[in-house]
Amino acid sequence: MKTERFNIVLRSMAGIPLAFYGYAFQKAWISIESVPSAALAPHIDVLPGGVLNALLAFAFGFLALKFDSTRFRRNALAIGVALQLCTAALLAVSLSFGFHPAALSIASSLADVGGVVLLSALWIDLYSLLNPVRVAYLNAVTIIVAQALIFVVEGNELWRILPVMAVLSCITALLYLLAARDGRKEQPPTPVSKARFLFPYKAVLFIAVYSFAYGIASQGINVVSARYTAVVPAIIVLAFIFLNTRRFNISMLLRLAFPLMVAGFLLVSLIPGEVRSVSSFMLSSGFSAMEMLLVLIVCTIAYSSGTSAIWLFGILGGTQFLARALGSSFGAFAHSELGGSEFTAISVVVIVLVILASLTLMSEKSLFSVWGGFKSREAAGDGSPSEKDEAPAESLEMRINTISAAYSLTDRETEVFYLAMKGKSNAQIGRDMFISVGTVKAHLYHIYQKLGIHTRKELFALVEKRK
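Visitor: Help me understand the overall build of the protein in this model?
Guide: Assigned secondary structure in the protein consists of 18 helices and 0 strands. Looking at the protein residue by residue over its 467 residues, the buried ones come to 53%. In the protein, the share of contacts with a sequence separation of at least 24, taken over all contacts with a separation of at least 6, comes to 83%. When the accessible area of the protein is evaluated, it comes to approximately 19,900 Å², of which 65% is carbon and sulfur surface.

Visitor: Teacher, can you tell me more about the confidence of the model for the protein here?
Guide: Should pLDDT be low for a region, the predicted coordinates there are not to be read in detail. Residues with a pLDDT of 70 or more make up 75% of the protein, whose mean pLDDT is 77. Note on residues 374-393: pLDDT under 50 across the span, and 28 contacts to partners over four residues away in sequence or across chains.

Visitor: Would you take a moment to explain helix H4 (residues 70-97) for this structure?
Guide: Quick reminder: α-helices carry 3.6 residues per turn. Residues three or four places apart thus point the same way. With 28 residues, H4 ought to run about 40 Å at 1.5 Å a step, and its terminal C-alpha atoms sit 41 Å apart, in line with that. Looking only at H4, the buried set comprises Phe72, Arg73, Ala76, Leu77, Gly80, Val81, Gln84, Thr87, Ala88, Leu90, Leu91 and Ser94.

Visitor: Looking at this structure, how should I read helix H3 (residues 51-66)?
Guide: In this model H3 runs 23 Å from its N-terminal to its C-terminal C-alpha over 16 residues, within 8% of the 22 Å that 1.5 Å per residue would give. Among all positions in H3, only Val51, Leu52, Asn53, Ala54, Ala57, Phe60, Gly61, Ala64 and Leu65 are buried. Residues of H3 that are buried make contact with H4, helix H5 (102-127) and helix H12 (309-337).

Visitor: Even after reading the chapter, I still don't get unusual backbone geometry, so can you show me in this structure?
Guide: Backbone phi values are negative for most residues with the exception of glycine, while trans is the configuration of most peptide bonds. Although it is not a glycine, Ser408 adopts a positive phi angle of roughly 55 degrees. The residue Ser408 is located in the loop between helix H14 (396-406) and helix H15 (411-421) in this model.

Visitor: Could you clarify how one ought to interpret the packing of H5 against H12 in this entry?
Guide: Two quantities define a packed helix pair, namely the angle between the helix axes and the distance between the axes. For the pair H5 and H12, the least separation of the axes is 9 Å and the interaxial angle reads 130 degrees. The orientation of H5 relative to H12 falls into the category oblique. Relative to H12, the crossing made by H5 is right-handed. Packed against H5, whose contacting residues are Val117, Ser120, Ala121, Leu122, Ile124 and Asp125, the element H12 presents Ala309, Ile310, Phe313 and Phe321 at the interface. When the residues that make up the contact of H5 with H12 are grouped by side-chain class, the tally is 8 nonpolar, 1 polar and 1 charged.

Visitor: Please explain the environment of Val298 as it appears in this structure.
Guide: Within the secondary structure layout, Val298 lies in helix H11 (residues 276-305). Once residues within four sequence positions are removed from consideration, Val298 is found in contact with Ile124, Ala309, Leu312, Phe313 and Leu316.

Visitor: Just checking my understanding: could you explain the environment of Ile403 for this structure?
Guide: Examined against the element boundaries, Ile403 turns out to sit in helix H14. Distance in space between the C-alpha atoms of Ile403 and Thr414 is 9.1 Å, their sequence separation being 11 residues.

Visitor: Would you mind showing me how to read a nonpolar patch on the surface here?
Guide: Taken together, the side chains of Val348, Val349, Val352, Leu353, Ile355, Leu356 and Leu359 present a nonpolar region at the surface, about 580 Å² in accessible area. The residue Ile355 is located in helix H13 (residues 340-362) in this model.

Basis of the calculations
Residues numbered from 1 in each chain as written. Predicted model: local features only at pLDDT ≥ 70, side-chain atom pairs only at ≥ 80, totals over all residues. Heavy atoms only, no water. Helix = DSSP H or I, 4+ residues; strand = E, 2+ residues; numbered from the N terminus. Buried < 20%, exposed > 50% of the residue type's maximum accessible area, 1.4 Å probe, protein only. Contact = heavy atoms within 4.5 Å. Areas by Shrake-Rupley, 256 points an atom, 1.4 Å probe, with all protein chains shown as cover. pLDDT = per-residue confidence, 0-100. Expected span 1.5 Å × (residues − 1). Axes fitted to C-alpha atoms, helices over the stretch in contact; angles between N-to-C directions. Parallel < 35°, antiparallel > 145°, perpendicular 65-115°, else oblique. Left-handed = near helix turned anticlockwise from the far one by under 90°. Nonpolar A, V, L, I, M, F, W, Y, C, P; charged D, E, K, R; others polar. Patch = residues over 30% accessible without salt bridge, like charges linked within 9 Å, V, L, I, M, F, W, Y side chains within 5 Å. Salt bridge = Lys/Arg side-chain N within 4 Å of Asp/Glu carboxyl O.

Shown next as structure tokens:
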């Protein structure tokens, strides 16, 4: 049985176009760029660390909501790659002439932040066309591949690293274009109206608290390379997908991030100066798991509701950047100005907040959860609400969740239900969920039994009645 399930997962992964793994080159660029930047152009914050990233993420997200189109994405891709090439060129100037004035440092910082935000948002938007389990798999693999690329490049002389950065940017752009072409075959992008969106306040709360806590704790720990800490949760996620695909859901990543963050924060707060390598490893691994969860949440909401993934990344990614920046500033102040007892008291409060934020998310077990989101009132053609819109129809996602709760469908049955309503065949559902066609049929049989129907046509009719 395990061998059969393993083979099913392998066949499902083989169906993912190779271009989708291009996100690994973008992840590698982000880490590799920090080496010459630190050596050649000392970083000068245009705004307090991370605030600029947050502002750009928010701005790009709202622009995507207004100009959501293939042309908009291609323009953003061109700008993002140009900014990354500009960053490499500015660093090359520093290397050639042996000087790095403040203006050069500011320019390279702006180009770096802009390129990272734009290209990361575009890749996550592309992943939102795939089933969430495939997103979790792809994200984990790209993290591991990116760290392998960094391992190969790091340690070389600076004049060799800069051309590699330029090549990585070009590879990222090419693979993105190829993946975008293949992605439209998986699920054509749905036009998004500004009047129809979900605001996932539970996810925002969770990410804000975790990022703020990590920002505070990062002031009191030894920096541990992301190479080691990011790979650990990625390997765990891959192992879970291959060994227990049927139980994979959002809460699995939360259960991985939560204990690591709390344990690491406790070690930093209550035993200052001791076991720093252990606490650093726990905190960084927990935060890496949270970042994987962020990608999965964005892609899941976009995949199931049709909401713009770039907009969601702008909200959630911007929240992460901003909360971490505020946490770092507050942590620096607390370490320098407050005594040990005051800092311990603050740490206890932060830990309580982390626990509460985790509990708010624990209830969201389904891969197609609304994440505490609400749907705004539908707008009439002139932008003003009409009488008909006073009671707007539920989205497909919300209708399926309502029916699933009423008839006690399991998480996996809900996923099969949703994919069937998207018009996918049994074979496509099995490929997306990494289960056999026979298992898909069994899930559909149980769904029909619980709902008191006999065919997929009746299933469609039942969902239509919920409008």
